[in-house]
Amino acid sequence: MLDYPALAAIATVVREGSFERAAERLGVTPSAVSQRIRALEERLGSIVIVRGQPCLPTELGRKLCAHVDMVQLLEADLAPVLSFADGRTEKPVTLKLAVNSDSMATWFPEAAAKFSHATGYLLEFIIEDEAHTADRLRSGEVIAAVSDDPGTVQGCKTIELGNLQYLACCSPEFADQHFPNGVTAEALQNAPCLRFERRDGLQARWVRENFKIGLDAPMHWVPSSIGFLNFGLSGLGWGMHPAMIAEAKIAEGQLVELAPGHPLEVKLYWTVTRLHASALRTFTEAVRSVAKKTLI
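Residues numbered from 1 in each chain as written. Predicted model: local features only at pLDDT ≥ 70, side-chain atom pairs only at ≥ 80, totals over all residues. Heavy atoms only, no water.

S.K.: Is there a simple way to explain the overall build of the protein in this structure?
M.R.: When you go through the protein residue by residue, the secondary structure sums to 13 helices and eleven strands. With respect to the three principal axes, the spread of C-alpha positions in the protein is 75 × 40 × 30 Å. Per-residue burial for the protein yields a buried fraction of 45% across its 296 residues. A separation of at least 24 residues holds for 75% of the contacts in the protein among residues at least 6 apart in sequence. (Helix = DSSP H or I, 4+ residues; strand = E, 2+ residues; numbered from the N terminus. Buried < 20%, exposed > 50% of the residue type's maximum accessible area, 1.4 Å probe, protein only. Contact = heavy atoms within 4.5 Å.)

S.K.: Teacher, can you tell me more about the packing of aromatic side chains here?
M.R.: Any pair of aromatic rings gets described here by the distance separating the centres and the angle formed by the planes. Following the criterion strictly, the structure yields ten aromatic pairs and no others. Judged by centre distance (5.4 Å) and plane angle (80 degrees), the ring pair of Trp-107 and Phe-108 falls under edge-to-face. Trp-107 sits in the buried class, given a relative accessible area of 2%. Taken together through their ring pairs, the aromatic side chains of Trp-107, Phe-108, Phe-115, Tyr-121, Phe-125, Trp-270 and Phe-283 make up a single cluster. Seen from the ring of Trp-221, Arg-198 lies directly overhead, with NZ or CZ sitting 4.2 Å from the centre. (Phe/Tyr/Trp six-rings, centres within 6.5 Å; stacked < 30°, edge-to-face > 60°. Lys NZ or Arg CZ within 6 Å of the ring centre and 35° of its normal.)

S.K.: Explain the pairing of strand β9 (residues 239–242) to me, please; I cannot follow it from the model alone.
M.R.: Side-chain direction in a regular strand flips from residue to residue, so the side chains alternate between the two faces of the sheet. Taking every second residue as pointing to the same face, both faces of β9 are buried, with Gly-239 and His-241 on one and Met-240 and Pro-242 on the other. Direction of pairing for strand β6 (residues 156–170) relative to β9: antiparallel, over a ladder of four bridges. Across the sheet, the residue bridging to Cys-169 is Gly-239, located in β9. (Pairing = 2+ DSSP bridges.)

S.K.: Got a minute to help me understand the pattern of salt bridges in this structure?
M.R.: Two side chains carrying opposite charge are able to pair once their charged atoms lie near each other. On inspection of all chains with the given rule, the structure shows 14 salt bridges. A salt bridge links Glu-41 to Arg-51, with the shortest nitrogen-to-oxygen separation between them at 3.0 Å. Taken as a pair, Glu-41 in helix α3 (residues 30–44) and Arg-51 in the loop between β1 (49–50) and β2 (56–57) lie far apart in primary sequence, ten residues in all. Classification of Glu-41 as buried rests on a relative accessible area of 8%. Given a relative accessible area of 39%, Arg-51 falls into the partly exposed group. Here Arg-138 makes a salt bridge to Asp-149, at a shortest N to O gap of 2.9 Å. A residue pair is termed long-range when its members are at least 10 positions apart, and Arg-138 in helix α7 (residues 133–138) and Asp-149 in the loop between β5 (144–147) and β6 qualify at eleven residues. Taking relative accessible area as the criterion, Asp-149 reaches 19% and is therefore assigned buried. (Salt bridge = Lys/Arg side-chain N within 4 Å of Asp/Glu carboxyl O.)

S.K.: How should I be thinking about the nonpolar core in this particular structure?
M.R.: The nonpolar side chains of a soluble globular protein tend to be buried, and buried together. One finds Leu-73, Leu-95, Trp-107, Phe-108, Trp-206, Trp-238 and Trp-270 to be the most contacted residues of the largest nonpolar core, which totals 51 residues. With seven residues, helix α13 (residues 278–294) is the single largest residue contributor to this core. In terms of nonpolar packing, the next biggest core, distinct from the first, is built from 19 residues, Ala-9, Ala-22, Cys-55 and Cys-65 among them. (Core = buried A, V, L, I, M, F, W, Y, C linked by side-chain atoms within 4.5 Å.)

S.K.: How should α3 be read in this particular structure?
M.R.: Each α-helix turn comprises 3.6 residues. Residues three or four places apart therefore point the same way. With 15 residues, α3 should reach 21 Å at 1.5 Å per residue; the first-to-last C-alpha distance of 21 Å fits that figure. For α3, the secondary structure elements touched by its buried residues are α1 (4–16), α2 (19–26), β1 and α4 (59–78). Following α3 by one or two positions, Gly-45 adopts a phi angle in the positive range, close to 70 degrees. (Expected span 1.5 Å × (residues − 1).)

S.K.: I keep staring at the packing of α2 against α3 and nothing clicks. Help me out?
M.R.: A pair of packed helices is characterised by two quantities: the angle between their axes and the separation of those axes. Interaxial distance between α2 and α3 falls to 8 Å at its minimum, and their mutual angle equals 100 degrees. Judged by the angle between their axes, α2 and α3 are roughly perpendicular. Contacts between α2 and α3 involve Phe-19, Glu-20, Ala-23 and Leu-26 from the former and Pro-30, Val-33, Ser-34 and Ile-37 from the latter. Partitioning the contact of α2 with α3 into residue classes produces six nonpolar, one polar and one charged. (Axes fitted to C-alpha atoms, helices over the stretch in contact; angles between N-to-C directions. Parallel < 35°, antiparallel > 145°, perpendicular 65-115°, else oblique. Nonpolar A, V, L, I, M, F, W, Y, C, P; charged D, E, K, R; others polar.)

S.K.: Help me understand unusual backbone geometry in this model?
M.R.: Most peptide bonds take the trans configuration, and most residues that are not glycine carry a negative phi. Note that the residue after Gln-53, namely Pro-54, is joined by a cis bond; omega there is 5 degrees. With respect to the helices, strands and loops of the structure, Pro-54 is situated in the loop between β1 and β2. Positive phi outside glycine occurs at Lys-212, with the angle close to 60 degrees. As for its placement among the helices and strands, Lys-212 is situated in the loop between α10 (202–211) and β8 (219–221). Classification of Lys-212 as exposed rests on a relative accessible area of 69%.

Right, here's the structure in full:
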């Protein structure tokens, strides 16, 4: 039988990043947290926490944290039929999810709010490229993910949500300077381009699909959804912006589309742990309903 106070200590250290903050959260001393974790590590014969700033879980530690999250979900379903003589109530459950930054900047907050208002649950997000969010689920770090990966994840179900549409855009001034004769393959190789981070391949994919060339242009690296938009508005480079955001800026004359009628569409999926917990069903319903009316 697993030592659940020790598991709770591991999960709290990982979430808070340090033994001191975990101790404050659990209402015990840092020494007590350390002793619980050390005792479990000795019993298991393996390290579960890499001590540092911040403290990080080992592969076994991630699996134990995932187990704690699932147990909390199942226990939450019992709350309505349980009563405690001292009148205490359980702390709100926190769900950990992996979501791509553009979904977070557009349609996903409505789904998250819909779920949280219905359940009272708290949410913790890992922001990751949509091509890699499913890997966070496979590793046990999260309990659900929005991704572009239709592949099977063991112990999970995958639901197609729809397409998030992107438009290649830049400021009018940038277009005048770098595309005076229109958008051509040669101009694209010389015009500065925005890129979210090294796994962001949207700009290169759009150029490849529409101009049949590999993109080798000067790059601004902008790992922020708001910063990415603001860099585009400021005329520092062109990039692929979610249509939900770009269309309003185009209508206002702040952005122009490089090649009207040539959007890029990324198919998104909701992959969630197959756990018989009512919260996961509620979250899935919220995600599907919002995606149905906002994605293409």
